[in-house]
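# Overview (structure and organization)
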Amino acid sequence: MDTNKLIGVGAFLIAVFVIVPVLIAASGRWDFYYTLTSVALLAIASAGVWLTFYIGRINIGQGAYALAGGYVSAILMTKAGFSFWITLPLAGLFCAGLSVLIGLPILRLRGVYFAMVTLVLTEVARLSALALPVTNGAKGITSIPLPGELSVFGLTLIPDFATLQNPKLAFYFAAVILMVVCYAALYRIVNSRLGHLCRSLQQNEELSASIGVNTAYLRVLAYSISSFFGGIAGAMFVAISQSIYPSSFQVADSVNFMLNCFLGGLGYVFGPMLGTLMLYFGWDLLFTTGRFQLLIYSSLLILLMLVLPNGVLSLFERKGGRK
Amino acid sequence: MTPILQVKGVTKRFGGLTANNDITFDVAEREILSVIGPNGAGKSTLFKLIASFLKTTSGEVLFKGQRISNLAPHKVARMGVVRTFQETTIFRSMTVRENIIVAHHLRSRASLLGFFIGTKQARYDEAEFGSSADEIIEFLGMGAIRSELASNLPQGHLRALGMAIGLATNPTVLLLDEPFAGMNHDETMRMVSLVRRLRDERGVTVLLVEHDMPAVMKISDRIVVINFGEKIAEGTPAEIQANEKVIEAYLGSEDAAIGM
């Protein structure tokens, strides 16, 4: 069992760090790097949403934190001259802090009520970005410099992206490494006591409280970790596109983050990663169907949820899961 | 002997409805005390007030002399007053053993971050929870179903699991909400001896709400009777059985008047 897992993780790492670059170099489809980088970053944001699912809350507001994280990074880089690599964790921390303030009142809500409020959050974030002077309104923030050098004691850990021949490849590696780290952390959370308590919360909050779990604290903690993921994903996105607008992350993105989790499987840590990959490519592949794209896409999603309510990964469930 | 739990003039109103009115009684250490009363008498409300799942309108509940009413429920549990639930409330998609392990939360000394990193203390705690869970499983005779998913369990086992979850928190006072409901005679008798052993072997003070009169009479050291939200009697099972007011409450005075 454990060796199987190790082999799986090893195979995954070789695939993303060796096979994908080799294939892309061979085929010359350099644009694929951008696509895969996006998938990696969206998967990070989806991982956050998945964690809120894990405490029994439907989160359709991750776009708000991605947007906030993006703006924090952009503003710190352009106005305060911070290095991108410092703004990345700061964006995450800002979002985590923000989500504590927002989460304290709204996490008392359950079910569809929480979902509705989070849905509104993305729109609130967009309107705030339009209205606030520091975000430069609808014109957004543009010509953000590429990530600079990161060195510790004179040792260069990450070279200046602007000097690289192929920044696309560098972004790909940065995004995938970030994704791997985030999922490793998520996996550890889920399999440590924190995860067990989150599950207890998901299944019965009253009983959780009666065994001495501080449910309010735990909910906010899980939500802030979730928002941290959203924030760093947003910040990284901004670094790649070198610009951010109030419309960079919209309600549709928030909904997609949630769908990624549903599609991949709410019971599996790596569900949101697979879900993101499938949804992103699924949408692109249907491009050839022209005006029927959305119709076919939505029908397929509905069908998938009907046939596989526990997500695509439930196909690989060993026990068969028969009731 | 000072009482371990004191209920002092507890009143709870929901709008115009008074669910509990000025209820006062004490629970001694290592006592099994039952709260009985007809349907809708306010027993469950009283339980929720003691475990602080509801806020009192007036009055207070003291545990070892400290006020526990109107605190957050998890704080009351942390102090040692733990409630089980009337409905078969369990963590449905966990196995029996997982349910019990999770319920050990109060005993963990490592922080959540410690568990995340896997510090020495955290690993020690994990091992401790595991062996303690196994011990509880043994105690309740649930060995055969330890790896069964809780949602697949029949009623009787669910009730036992609910009690196991309560036990895992290492309570000083355990509040059992209708532990015998929906059980047949044999199951009830098994549960009665289990509750006794809880007190005798583990020193737990037990407060229970129950409908099953024969079981209550058998198990209780003392009984508190409430009707229409008010305490109408308190005493040993024999005293309660002979109490006029209690008989009236259960049979109804009108019925008694026409000779039933």
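Counting starts from 1 at the beginning of each chain's written sequence and moves along it residue by residue. Chain A is the first chain written and ligand 1 is the first ligand written, with later ones labelled in order. Since the coordinates come from a predicted model, pLDDT governs what is reported: local features require at least 70, and pairs of side-chain atoms require 80 or more to be given and counted, while whole-chain, interface and lining totals use all residues.

For helices the rule is a DSSP run of H or I covering at least 4 residues; for strands it is a run of E covering at least 2, with both sets numbered from the N terminus onward. Across its full length, chain B holds eleven helices and ten strands. What the globule rule says is 2.2 Å times the number of residues to the power 0.38, and the radius of gyration is computed from C-alpha atoms. For 260 residues, the compact-globule estimate of 2.2 N^0.38 gives 18 Å, and chain B sits close to it at 19 Å. By its C-alpha atoms, chain B is 70 × 40 × 35 Å across when sized along the principal axes. Our contact criterion uses C-beta atoms placed from the backbone: two residues qualify when those atoms are within 7 Å. Pairs at least 24 residues apart make up 66% of the contacts formed inside chain B by residues separated by at least 6 positions.

Across its full length, chain A carries twelve helices and two strands. Going residue by residue from the N terminus, the α and β elements of chain A occur as α-α-α-α-α-β-β-α-α-α-α-α-α-α. Its C-alpha radius of gyration of 20 Å places chain A within 12% of the 20 Å reference for a compact globule of 323 residues. Seen along its three principal axes, the alpha-carbon backbone of chain A occupies a region of about 55 × 50 × 45 Å. Exposed residues have 12 or fewer other C-beta atoms within 10 Å of their own C-beta, buried residues have 20 or more, and partly exposed residues fall in between, where C-beta atoms are placed from the backbone. For chain A, with 323 residues in total, the buried portion stands at 44%. In chain A, the share of contacts with a sequence separation of at least 24, taken over all contacts with a separation of at least 6, comes to 75%.

The subject of this paragraph is the packing of helix α6 (residues 167-191) of chain A against helix α9 (residues 215-241) of chain A. All names here are of chain A. One way to put it is that α6 packs onto α9 with a least axis distance of 11 Å and a crossing angle of 175°. With respect to α9, the axis of α6 lies roughly antiparallel. Each of Phe171, Ala175, Leu178 and Cys182 in α6 lies in contact with α9, whose residues at this interface are Phe229, Ile232, Met236 and Ile240. Across the contact of α6 with α9, the residue classes break down as eight nonpolar, no polar and no charged. Fitted lines through C-alpha atoms give the axes, limited to the stretch in contact for helices. The angle between two N-to-C directions lies from 0 to 180 degrees. Roughly parallel refers to an angle under 35 degrees, roughly antiparallel to one over 145, roughly perpendicular to one between 65 and 115, and oblique to any angle outside these ranges. Any residue that is not Ala, Val, Leu, Ile, Met, Phe, Trp, Tyr, Cys, Pro, Asp, Glu, Lys or Arg is counted as polar, Gly included; the first ten are nonpolar and the last four charged.

All names here are of chain B. Positioned with a positive phi, arginine 30 is a non-glycine residue whose angle comes to about 60°. Structurally, arginine 30 is set in the loop between β2 (17-27) and β3 (32-36). Since 15 C-beta atoms lie within 10 Å of it, arginine 30 is described here as partly exposed. At phenylalanine 228, a residue that is not glycine, the phi angle is positive and equals roughly 50°. Residue position: phenylalanine 228 is located in the loop between β9 (222-227) and β10 (230-235).

At the junction of the two partners, chain B supplies 23 residues and chain A supplies 20 residues. At the level of secondary structure, the elements contributing two or more residues to the side of chain B that touches chain A comprise α2 (73-79), β6 (81-83) and α4 (112-117) of chain B. At four residues, the largest contribution of residues to the side of chain B that touches chain A is made by α2 of chain B. Counted by class, the side of chain B that touches chain A contains 14 nonpolar, six polar and three charged residues.

To continue, consider the sheet that holds strand β1 (residues 5-14) of chain B. All names here are of chain B. Reading across the sheet, the four strands line up as β2-β1-β4-β5 and stay open at both edges, with antiparallel pairing between neighbours. Both edges of this open sheet fall to β2 and β5 (66-67), since each of them pairs with a single strand only. Looking at chain direction, strand β4 (residues 58-63) and β5 are connected through two bridges and run antiparallel. Each bridged residue has a counterpart across the sheet, and for leucine 62 the counterpart in β5 is arginine 67. Across the face of the sheet, helix α1 (residues 43-50) comes into contact with β1, β2 and β4 while running at roughly 60° to β2. Two strands pair if DSSP finds at least two bridges between them.

Residues and elements named next belong to chain B. When the pLDDT values of chain B are averaged, the result is 87; 95% of them are 70 or greater. Every residue is assigned a pLDDT by the predictor, reflecting its confidence on a scale from 0 to 100. Note that pLDDT drops below 50 for residues 255-260; the model gives that stretch four contacts with residues more than four away or on any other chain. What the predictor reports for the complex is a pTM of 0.86 with an ipTM of 0.79.

Right, let's talk about the environment of arginine 109 of chain B for a bit. Looking at the element boundaries, arginine 109 of chain B is found in the loop between α3 (96-102) and α4. Leave out the neighbours within four places in its chain, and arginine 109 of chain B touches Gln121 and Asp125 of chain B.

Let us now look at helix α5 (residues 120-139) of chain B. Residues and elements named next belong to chain B. Over its 20 residues, α5 runs 28 Å from end to end, which matches the ideal 28 Å to within 8%, given 1.5 Å per residue. At its buried positions, α5 is contacted by α3, α4 and α6 (155-168). Downstream of α5 by one or two residues, glycine 141 has phi in the positive range, about 65°. Every helix has an expected span of 1.5 Å times one less than the residues it contains.

So, on to the pairing of strand β2 (residues 155-158) of chain A. Residues and elements named next belong to chain A. Across three bridges, strand β1 (residues 150-152) lies against β2 in antiparallel orientation. Across the sheet, the residue bridging to serine 151 is threonine 156, located in β2. In sequence, β1 turns back onto β2 through a hairpin of two residues, with phenylalanine 153 there showing a positive phi of about 50°.

What follows concerns the environment of asparagine 204 of chain A. Relative to the elements of secondary structure, asparagine 204 of chain A occurs in the loop between α7 (193-203) and α8 (205-210). Between the C-alpha atoms of asparagine 204 of chain A and glycine 56 of chain A, which are 148 residues apart in sequence, the distance is 9.1 Å. When sequence neighbours within four positions are dropped, the list of residues in contact with asparagine 204 of chain A reads Thr89 and Phe91 of chain B.

All right, on to helix α11 (residues 271-285) of chain A then. With 15 residues, α11 of chain A should cover 21 Å at 1.5 Å per step; its first-to-last C-alpha distance of 21 Å lies within 8% of that length. Regarding α11 of chain A, the residues found buried are Gly271, Pro272, Met273, Gly275, Thr276 and Leu279 of chain A.

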